[in-house]
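Architecture and fold: a report
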Amino acid sequence: MNFSPILITGIPRSGTTMIAATINLCGAFGGEMSKRGMYCNDRIREGLVKPYLKLHNADPNAQKSFPEFIGIPKDWKEKVERIISEEGYKSGEWMYKDSRICQMWPVWNNAFPEAKWIIVRRKTTDIIESCLKTGYMTAYTNREGWLEMVHIYEHRFVEMITEGLNCRTIWPERMVNGNYQQLYELCEWVGLEWKEESLRFINLLLWKTLQKRKE
């Protein structure tokens, strides 16, 4: 492969799916992504990421019990690229989205040092409220627990930026107010051409929130 990936991550419930969907619609190859509409490559997540977290005694869902870095697999790049190639990648930009990958960023950085990282952010209070209402967010039942998770993720983001990873941050909540400038700039940064169909897709996802704002 001649191109480094676009790696999309963030705290769970921060809007990574919306950003991944947009990047995919604008032309980034994602392979056979989750049929649950999460825009995450199932084979990479289930076959590589989760087993790595389990191996290091961490929560495979990256909601608690986060990994300590014991070793970096030497064949991570080859394994990821093999999956992407087998799923149809030929050329151009390709992407992988997963909130978990910021918890194991040294592994990905070692394999793909030229990768472009997109860090998706959201207000802490909104993340916590969303975690409390979302069925698969099961690590905690109280705000204190989810706040601790948020702080761990934020610490990882600081590590990534401090270590010089090529990162951009985006706040999807700005789009609720009709401000898409960050998204336009993000597409240009990763080398993709903006497509208007992406905007229609985003507005469909935001429809319920937009309706509440109008009431």
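Our structure is the block above this text.
Below, the structure is looked at part by part.

Notes on the packing of helix 5 (residues 124–133) against helix 6 (residues 143–162)
- In contact at an axis separation of 10 Å, helix 5 and helix 6 are set at 125° when each is read in the N-to-C sense. Here helix 5 lies oblique to helix 6, going by the angle between them. As helix 5 packs across helix 6, the resulting crossing turns out to be right-handed. Residues Thr-124, Ile-127, Ile-128, Glu-129, Cys-131 and Leu-132 of helix 5 form the contact with helix 6, whose own contacting residues are Arg-143, Trp-146, Leu-147, Met-149, Val-150 and Glu-154.
- Tallied by class, the residues present in the contact of helix 5 with helix 6 amount to 8 nonpolar, 1 polar and 3 charged.

As for the sheet that holds strand 2 (residues 95–97)
- If you walk across this open sheet you meet the 4 strands as 2-1-3-4, and the pairing is parallel. If you trace the sheet from one side to the other, it starts and ends with strand 2 and strand 4 (167–170), each paired once. Direction aside, neighbouring strands of the sheet carry axes that sit 20° apart on average.
- Lying on the sheet, helix 1 (residues 16–25) is in contact with strand 1 (6–10), strand 2, strand 3 (116–120) and strand 4; it crosses strand 1 at an angle near 165°.

Reading the values: the criteria
All residue numbers here refer to positions counted from 1 along the written sequence of the relevant chain. Given that the model is predicted, a residue must reach a pLDDT of at least 70 before its local features are reported, and side-chain atom pairs must reach 80 or more before they are shown or counted; all residues, however, enter totals for whole chains, interfaces and linings. Each side-chain value is derived from all of the structure's non-hydrogen atoms; neither hydrogens nor water enter the calculation. Between N-to-C directions, angles span 0 to 180 degrees; the directions come from axes that are lines fitted to C-alpha atoms, helices contributing only their stretch in contact. Runs of E in the DSSP output that reach at least two residues are strands. Runs of H or I that reach at least four are helices, and both are numbered from the N terminus. Oblique is the label for any angle not under 35 degrees, not over 145, and not in the 65 to 115 range, which are roughly parallel, roughly antiparallel and roughly perpendicular in turn. Crossings are classed by handedness, with left-handed meaning an anticlockwise turn of the near helix from the far one by less than a right angle and right-handed meaning a clockwise turn. Whether two residues touch is decided by their heavy atoms; if any such pair falls within 4.5 Å, the residues are in contact. Gly is placed with the polar residues, together with every amino acid not listed as nonpolar (Ala, Val, Leu, Ile, Met, Phe, Trp, Tyr, Cys and Pro) or charged (Asp, Glu, Lys and Arg). Strands are labelled as partners when DSSP assigns at least two bridges between them.

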